[in-house]
Amino acid sequence: MKVNIKRFEKDVYEIVATVPRGYVVTYGQIAKLIGHPNHSRLVGRILGETTKLLRLPCHRVVNNQGRTVPGWKEQ
């Protein structure tokens, strides 16, 4: 299934914006919620390129082992 990147990006932002304080979600969970369960890396790529101006709680998104992104001090 071909991915509409703009729509995918919008969906990622909408989901991340709703993650409550004290909770985390994985890249894979976000991909599944969007309907593209095999695109967790794309979720990570989108979040890695997200501008701080959006003020999204990207620090609440972790990998499938519950770890934060290596080298991303802000997370």
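Quick note: structure is the one above.
Now for a description of the structure that goes with this document.

What counts and how
Residues numbered from 1 in each chain as written. Predicted model: local features only at pLDDT ≥ 70, side-chain atom pairs only at ≥ 80, totals over all residues. Heavy atoms only, no water. Buried < 20%, exposed > 50% of the residue type's maximum accessible area, 1.4 Å probe, protein only. Helix = DSSP H or I, 4+ residues; strand = E, 2+ residues; numbered from the N terminus. Arc of directions from axis to C-beta. Contact = heavy atoms within 4.5 Å. Core = buried A, V, L, I, M, F, W, Y, C linked by side-chain atoms within 4.5 Å. Salt bridge = Lys/Arg side-chain N within 4 Å of Asp/Glu carboxyl O.

With respect to helix α3 (residues 40–48)
Next up, step 1: Buried within α3 we find L42, V43, I46 and L47. For α3, the angular spread of the buried residues around the axis is 135°, confining them to a single face. Exposed residues lying more than 90 degrees from the buried face of α3 are R41, R45 and G48.
Next up, step 2: Considering only its buried residues, α3 is in contact with α1 (5–17), α2 (27–34) and β2 (61–62).

Points about unusual backbone geometry
Next up, step 1: Positive phi outside glycine occurs at R55, with the angle close to 55°.
Next up, step 2: Summarising the element assignment, R55 is placed in the loop between α3 and β2.

Some points on the nonpolar core
Next up, step 1: Residues F8, V12, V16, I30, V43, L47 and V61 are the most contacted members of the largest nonpolar core, which totals 19 residues.
Next up, step 2: Residue assignment for this core shows that the elements contributing at least two residues are α1, α2 and α3.
Next up, step 3: Counting residues per element, this core draws most heavily on α1, at five residues.
Next up, step 4: Filtering out sequence-adjacent residues up to four positions away, F8 remains in contact with V3, I34, H36, H39, L42, V43 and I46.

What about the pattern of salt bridges?
Next up, step 1: Per the stated rule, a full pass over the model turns up three salt bridges.
Next up, step 2: Here K10 and E14 are joined by a salt bridge, their closest N and O atoms 2.5 Å apart. With K10 and E14 both in helix α1 and four residues apart, this pair spans about one turn of that helix.
Next up, step 3: Residue E14 is classed as partly exposed on the basis of its relative accessible area, which comes to 40%.

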